[in-house]
Amino acid sequence: MAAVPGQCGYAVLGDKSVDFYRNTTEFVERQIRCSGGRIFQARFLNKPTVFIASNAAVHELLYEKSHNFTMGYKDFFHQIYGDNLLFANGQEAIDLRKSLHILFTKQSTMMREVLINKYADETVNSMISGSAVAVYQHFKMTMMQLCLALFLDVESEHSSLLVEQLIHLTTVHWHGIISVPLCFRVPFLAASSYSKALKAKEELLQIIAEELSTSNGSFHTQLLQQLGYRETVQHLLLFISALVPKALASILTSFVCSSHLWGHLPLMKNGELDSASLECILLEVLRMWPPFIGGRRIATEACELGGFHIPKNYSVIYLAEAAHRDPDAFANPDQFDPSRWRSYDAQEKEKLFCFGGGARNCIGQHLVLGIIKTVAGRLVERCSWEIVENAEASRKWLPVCRPIKPVLAEFSLHAANSQLPDASLKTL
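Quick caveat, the model's predicted, so the values are computed rather than measured.

## Re the pattern of salt bridges
Thinking step 1. Applying the stated criterion across every chain, the model contains 17 salt bridges.
Thinking step 2. Notably, a salt bridge pairs Arg378 with Asp121, separated by 2.6 Å at the nearest N-O pair. A residue pair is termed long-range when its members are at least 10 positions apart, and Arg378 in helix H18 (residues 365-382) and Asp121 in helix H7 (residues 113-127) qualify at 257 residues.
Thinking step 3. The buried category is assigned to Arg378, whose relative accessible area is 0%.
Thinking step 4. You can call Asp121 buried: its relative accessible area is 13%.
Thinking step 5. Across the pair Arg287 and Glu284 runs a salt bridge whose closest N-O atoms are separated by 2.9 Å. Of the two residues, Arg287 and Glu284 both sit in helix H15 (residues 275-288), three residues apart, roughly one turn of that helix. In this structure, Arg287 and Glu284 share a single accessibility class: buried.
Thinking step 6. Among the ionic contacts, a cluster of salt bridges with common partners joins Lys118, Glu155 and Glu157.

## Digging into the packing of aromatic side chains
Thinking step 1. Under the criterion given, the structure shown has 23 aromatic pairs.
Thinking step 2. An angle of 65° between the planes, with centres 4.9 Å apart, marks the rings of Phe20 and Phe44 as edge-to-face. Taken together, the positions of Phe20 in helix H1 (residues 17-22) and Phe44 in strand S2 (residues 39-44) put the pair 24 residues apart, joining distant regions of the chain.
Thinking step 3. Judged by its relative accessible area of 3%, Phe20 falls in the buried class.

## Some thoughts on the pairing of strand S11 (residues 315-319)
Thinking step 1. With five of five residues buried, S11 is to be regarded as a mostly interior element.
Thinking step 2. The side-chain alternation of S11 yields two buried faces, one formed by Ser315, Ile317 and Leu319 and the other by Val316 and Tyr318.
Thinking step 3. As paired strands, strand S3 (residues 47-52) and S11 are joined by four bridges and run parallel to one another. In the sheet register, Phe51 faces S11, and the bridge partner there is Ile317.

## Here's the deal with the sheet that holds strand S10 (residues 308-310)
Thinking step 1. Sheet architecture is open: three strands sit in the order S1-S10-S9, paired in mixed fashion. Each of the sheet's edge strands pairs with one partner strand only, and the pair in question is strand S1 (2-3) and strand S9 (303-305).
Thinking step 2. Where S9 meets S10, three bridges bridge the pair, whose relative direction is antiparallel. Within S10, the position partnered with Cys303 by the bridge is Ile310.

The rules we used
- Residues numbered from 1 in each chain as written.
- Predicted model: local features only at pLDDT ≥ 70, side-chain atom pairs only at ≥ 80, totals over all residues.
- Heavy atoms only, no water.
- Salt bridge = Lys/Arg side-chain N within 4 Å of Asp/Glu carboxyl O.
- Helix = DSSP H or I, 4+ residues; strand = E, 2+ residues; numbered from the N terminus.
- Buried < 20%, exposed > 50% of the residue type's maximum accessible area, 1.4 Å probe, protein only.
- Phe/Tyr/Trp six-rings, centres within 6.5 Å; stacked < 30°, edge-to-face > 60°.
- Pairing = 2+ DSSP bridges.

Quick look at the structure:
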């Protein structure tokens, strides 16, 4: 087996983390040019790390070779989130996924259709305001409200102050993920973001415990039936965190901002939404602009990936966006082409890594995709829009894919569709 191209350099001095965070796309493209291939190594987070931008090699990592790796997030995020599926490995992960699976099937998503439709309506109707809307920020706020309603049974119409408090706390909590873990507090001075995040976590856990004792929400009641009390509290912290709303907001923002690439397609036929064509567009949006840059794994034993030797204990980062633009996987990979999804099979769809893949894929992907298709469908049915500011804004990829500058858009109601019936929820 050949050694992975590139150099890991010396500890600290040779670290490339700043370069990666500063401009992820530029870093990856430069490394691909220098290494002559889509698999390369560099020192990242002060650890020898193999980066994978090859679609076939990412598939190999997530599917065929997943047993050679553990999830690579615990060292960085465990203190922020505590014990949950994200950090579990081996039999513990298998058992947790079995317990949680019933809550995230396509059928379970359909059971939440009424609530999802309600928030899809509110999301779209509030955008038709006659004034410019900050697209990503709007989606992020409404998706936070939806997640609180879905997972914790807390809604603004009944508990507006609690919703405001939860949104504030989940935002502070999220900022701890992207801050340097300096847990200190200085009297009369601002605490570090990490310290604030840990404090927000404790407050969130307390609120979750209170809601579990006073509310009969269907989701957390089912969760309690599948897990113990402590595990339920810890997983609700993950589910109501900003992670899911930001992913939803990222995808919906990319959908809106890319309308100049698909707006000519006839998505409405005889007054009905063409769900198949919408699905093709959304799959292409996910291919071009996945919400997260990729994922991280740790090799538990030496193995081979993409024809290269991966030493034991090496970190491996798979790059979803780069793998989605691998010319060996997709013809004309930089061209937005929904028609490539008109007739795809399961094998083709496995080339998308927006939600990971294989045995450790995102357990909530059916729910996420159901929400995305419902909101996107409402937008197409009910309104048209125009980007009025920062239409050409470049994107940042960390912690989620979104425009660097706020994209402003004006939304207007279709005159002929002012009284459309609710569309039925269908998952991709």
